Structure formats: C-alpha cells, structure tokens
Amino acid sequence: MNLHEYQAREILRRHGIPVPEGEVVTTPAAAKAAATRLGGSVVVKAQVHAGGRGKAGGVKLAKTPDEAEAVAAKIIGMTIKGLTVQKVLVVPATDIASESYLGIIVDRESQRPMLMVSAAGGIDIEEVAAKTPEKIHRRAIDPRYGLLAHQALALGFQLYPDVTKARAAAAIMQQLVTAAYDVGASLAEINPLVTTPEGKVLALDAKIVIDDNELDRKPAIAALRDASAEAPAEVQAREAGLTFIKLEGSVGCCVNGAGLAMATMDLVKYYGGDPANFLDIGGSSNPQKVVNALKIITADSNVRAILFNIFGGITRTDDVANGIVQATGQVPLKVPIVIRLTGTNEQEAMRILKKAGFDALTDMDQAVQQAVAAAGGAR
Ligand code: GDP
Ligand code: MN
C-alpha cells in the first residue's frame, strides 16, 4: 500500500526526523491561506502515489500567497502517471545547498532490509543506480541489532565530509530504519535529504510503501489507505479478490498463479512486447473472477491485445473458458484476444471456446508471440 508524502513525512516526524512543517489542502484558496500562515514563500506539491512529480510539473515554488493560489489551481486536477491530483501539500520553501538520497528496501539477496545512501540525490536515483552505481553506498541491516551508530556514521561520512552533518545524517538513518520497522514498510525513502546553507540536514520528500501483509496487524496504518487516490483498476481488483498491478504496456495479461503471471510478463518482454498489467486470477476456478478480470483489463485504454495464459491444475480450464465466454458476452471486446489453455479439462475448454467462436492455443510461446503481434508488434 502506498502512502502519500504528507502521511509518510508525519511518520518520519514522529520518529524524530527533521521535516519542515506543512499543510495539506484541496483548494487553491486554502493553499493561499496555508502559504500566508507559513510565511510567504512556499512549495506546492501534488499528493499522488507517483514518483517523479517534480519532472511532471507537480512540485512548484510560489513566492507569495497569491502565487501559491495560482500554482495550486494548476496542480489540483492535473494528472500524473494516470492519477488525478486531489490534494496538495504546502510547505515553506527551503534553501537547498545539497541533495542526497536515503532509502530502505527489502533486499532479496541478503534477505535483509538494505539501507542505500547516495550524495547524488534529488533527481532520478534509478538513473544513478544504472549509470554510476558506485555512487550508491549500501548496508544490509541485521534485524537483531538494527542500524548501529558506527555503521550509520560511516554512511553519514559518505554523504558529508563535515562531521556535524555526517552525525545529523547518521541519526536520520537510524530513525528511518526504526520508522520502516515500526510501520511495516517494504520501502522507505527520503529523496532529497537536503542540507541548507546554514548547515541543517532536513528530509524534504518522503515516500513509504507498506507491505500489504502488515495491514491486518497494523490497523492504524491500514487506516491511512486513500482509495480515492489509487488507480481505480487496482481498487476494483482488490475488491474482486484479484491480484492486479497496473503497468504501462499494451498487452493485457490474465493469468492464473503469480509465478506463471511473472513468467508470462517475462515472455511478453522477451518477444518485444510490454505487459499492461500483472494479473493473477488465483488458483481457484470461479468464472466470475474471469469476468471481473476481463472488465478490469478492457477498461485500460492502453491495452491493444489481451492474453489469457491458464495452466489448469486446481484451476479447471473449462471454468476459465466459461468465464471468458460470459465476460465477453457482458463486455464486448474491442481488441484481439489470444487464449492459451492447457491442463485440467483442456478438451472441454477447447470445445466451449470453439462453440463461442474463439481459437485457443496450448503452447505458451506461440500464444505470447501472437499477443505481442496483435498488440502492434515488437518494440
Ligand atoms: P518528486 O519529484 O516526486 O520526488 O518530488 P520532490 O519532493 O523530491 O521534489 C522534487 C525536487 O523539487 C527536489 O529534488 C528539489 O530539487 C525541489 N524542491 C522540493 N522542495 C523544495 C524546496 O523547498 N526548495 C527548493 N529550492 N527546491 C525544492
Ligand atoms: Mn523526491
């Protein structure tokens, strides 16, 4: 579950991390009032579950309350990565001397939380990771001890030669680790961590993603969910009991089982296509799930072709076939569909599909190639 910046910075603040004050508002007039209270020069920031807001025009400086109102009027209602901005955060503008990066992810290789720090923060950390990975310093955290003071300080010196700033950064790193554990974060990032001309070290942006498996035992965190800011398809999928993640490509994928879904996405990429989503209809074979899945996929205007890839084990492929027939009856398809089915009750499934006018394949490679071609061909 994604948190908004204003929620994430509140968590950081609770753990002692220096975060500038700020107010969340939903109207330009309220942004003006907030800017007046905050003392004039402010930054107005779109609150959406997307990174790169700055580049998308969702983070803007305003020198006066009137400007804050005008800027907020532009940002509220704009779309960033398919998400409409409903709220903005108004913060006092900070003078920036340097921008660094701090982040914690769960690292599969070391099977531990991994703290990453870089003096090359602010902009695309992904680009730094890809082009100059030596600029990112890492430390796997032993969950028994957390981040120890000397480990944090060593990383602090990777950011700042000055001991006072290095110490301040080290304290923030330890607080960030504690905060990430406390809320059950699968990702916790401060980018940028800035220094000011006076030598203060501050968190200017915060991003926290909560591990969904933590939500049941952390009701206060679960209550932070803002369904109105989530991709409508993801909300719909969650309510329908489907595991769905929207992606940017054009091949809509409907698959049973997370492993097969990932293998399918890999193969779509391998043949030059881009998946429009990850969608796992699960192991059971309930035609209604297929109906819901197809509704969600077809609602995405990026989708140029739909690929069903079903391996029938516990899942009965004839149930999936019935689901496809029912769903396409309810929601007529506007794009080509490629169906690959194999396993339990395969013959019956083929019969059902044929009767309804669909072709189906049993070979996964063939099906993926056809779907990529139907979506407009390889990149
Ligand atoms: P993101 O693009 O979604 O990561 O949003 P950020 O909150 O990180 O803002 C993007 C960039 O805007 C930062 O890297 C800063 O360079 C700039 N920025 C944000 N807040 C301030 C501020 O208070 N003062 C100044 N001078 N720049 C800011
Ligand atoms: Mn940022």
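The preceding data block contains the structure.
Presented here is a report on the structure given in the accompanying data block. (Residues numbered from 1 in each chain as written. Chains lettered and ligands numbered in written order. Predicted model: local features only at pLDDT ≥ 70, side-chain atom pairs only at ≥ 80, totals over all residues. Heavy atoms only, no water.)

**What to know about the overall build of the protein**
So, step 1. Check the secondary structure of the protein and you find 13 helices and 17 strands.
So, step 2. By its C-alpha atoms, the protein is 75 × 50 × 40 Å across when sized along the principal axes.
So, step 3. Here the protein holds 379 residues, and the buried ones make up 48% of them.
So, step 4. Within the protein, residue pairs in contact and separated by at least 24 positions form 67% of the contacts whose partners lie at least 6 positions apart.
So, step 5. For the protein, the exposed surface amounts to about 17700 Å²; the carbon and sulfur share of it is 52%.
So, step 6. Computed over 40 positive and 41 negative side-chain charges, the inter-centroid distance for the protein is 1 Å. (Helix = DSSP H or I, 4+ residues; strand = E, 2+ residues; numbered from the N terminus. Buried < 20%, exposed > 50% of the residue type's maximum accessible area, 1.4 Å probe, protein only. Contact = heavy atoms within 4.5 Å. Areas by Shrake-Rupley, 256 points an atom, 1.4 Å probe, with all protein chains shown as cover. Lys, Arg positive; Asp, Glu negative; His and termini not counted. Charge placed at Lys NZ, Arg CZ, Asp CG, Glu CD.)

**Some points on the environment of Cys 253**
So, step 1. Relative to the elements of secondary structure, Cys 253 occurs in strand β14 (residues 251-255).
So, step 2. We classify Cys 253 as buried; its relative accessible area is 1%.
So, step 3. For Cys 253 and Tyr 271, which are 18 residues apart along the polypeptide, the C-alpha to C-alpha distance reads 14 Å.

**Concerning the site of ligand 1**
So, step 1. Around ligand 1, 15 residues are found, and the nearest of them are Lys 45, Arg 53, Gly 54, Thr 94 and Glu 99.
So, step 2. Between Gly 54 and ligand 1, the recorded distance is 2.8 Å, taken from a backbone N or O atom to an oxygen atom.
So, step 3. Residue Thr 94 places a main-chain N or O atom 2.8 Å away from a nitrogen atom belonging to ligand 1.
So, step 4. Taken by itself ligand 1 offers 560 Å² of open surface, and the protein chains cover 77% of this.
So, step 5. Looking at the shell around ligand 1, its residues break down into six nonpolar, five polar and four charged. (Near = heavy atom within 4 Å. Polar contact = N/O pair within 3.5 Å; in protein donor to acceptor, adjacent residues only side chain to side chain. Nonpolar A, V, L, I, M, F, W, Y, C, P; charged D, E, K, R; others polar.)

**A few points about the coordination of the manganese ion (ligand 2)**
So, step 1. The protein atoms donating to the manganese ion (ligand 2) are Asn 191 (O) and Asp 205 (OD), with metal-donor distances spanning 2.2 Å. In this pair, Asn 191 is assigned in strand β10 (residues 185-195) and Asp 205 in the loop between β11 (201-203) and β12 (207-210), connecting sequence segments 14 residues apart.
So, step 2. Assessed through its relative accessible area of 18%, Asp 205 is described here as buried. (Donors = N, O, S within 2.8 Å, 3.2 Å for Na, K, Ca; no water.)

**Focus on the packing of aromatic side chains**
So, step 1. Inspection of every chain in the model, using the stated rule, returns one aromatic pair.
So, step 2. Relative to Tyr 271, the ring of Tyr 270 lies with its centre 5.0 Å away and its plane at 80°, an arrangement referred to as edge-to-face.
So, step 3. Residue classification places Tyr 270 among the exposed residues on the basis of a relative accessible area of 65%.
So, step 4. Tyr 271 sits in the partly exposed class, given a relative accessible area of 23%. (Phe/Tyr/Trp six-rings, centres within 6.5 Å; stacked < 30°, edge-to-face > 60°.)

**Quick notes on the side chain of Thr 317**
So, step 1. Turning to its location among the elements, Thr 317 is positioned in helix α11 (residues 317-330).
So, step 2. Of the polar contacts made by the side chain of Thr 317, one reaches the backbone oxygen of Asn 345; its length is 3.2 Å.
So, step 3. Setting aside chain neighbours within four positions, we find Thr 317 in contact with Ile 310, Gly 312, Leu 341, Thr 342, Gly 343, Thr 344, Asn 345, Glu 346 and Ala 349.

**Overview of the nonpolar core**
So, step 1. The biggest cluster of nonpolar side chains holds 37 residues, and the ones touching the most others in it are Leu 12, Leu 102, Met 173, Ile 190, Leu 193 and Ile 208.
So, step 2. Of all the secondary-structure elements, those providing two or more residues to this core are α1 (5-14), β7 (98-107), β8 (112-118), α5 (149-159), α6 (163-183), β10, β11 and β12.
So, step 3. In this view, Ile 208 contacts Met 1, Asn 2, Leu 3, Ala 8, Ile 11, Leu 12, Val 183, Ala 185, Leu 187 and Ala 188; residues no more than four positions away in its chain are not counted. (Core = buried A, V, L, I, M, F, W, Y, C linked by side-chain atoms within 4.5 Å.)

**Here's the deal with the pattern of salt bridges**
So, step 1. For the structure shown, the criterion picks out 21 salt bridges.
So, step 2. Measuring nitrogen to oxygen at the nearest pair gives 3.0 Å for the salt bridge that ties Lys 269 to Asp 274.
So, step 3. Judged by relative accessible area, which is 45%, Lys 269 ranks as partly exposed.
So, step 4. One salt-bridge network, in which partners are shared between bridges, spans Glu 5, Lys 45, Arg 53 and Asp 205. (Salt bridge = Lys/Arg side-chain N within 4 Å of Asp/Glu carboxyl O.)

**Quick word on the side chain of Thr 196**
So, step 1. With respect to the secondary-structure elements, Thr 196 resides in the loop between β10 and β11.
So, step 2. Owing to a relative accessible area of 5%, Thr 196 belongs among the buried residues under this scheme.

**Considering helix α10 (residues 287-298)**
So, step 1. Spanning 12 residues, α10 covers 17 Å between terminal C-alpha atoms, matching the ideal 16 Å at 1.5 Å per step.
So, step 2. Its buried side turned inward, α10 meets α8 (232-239), β13 (243-246), β14, β15 (277-280), β16 (305-312) and α11. (Expected span 1.5 Å × (residues − 1).)

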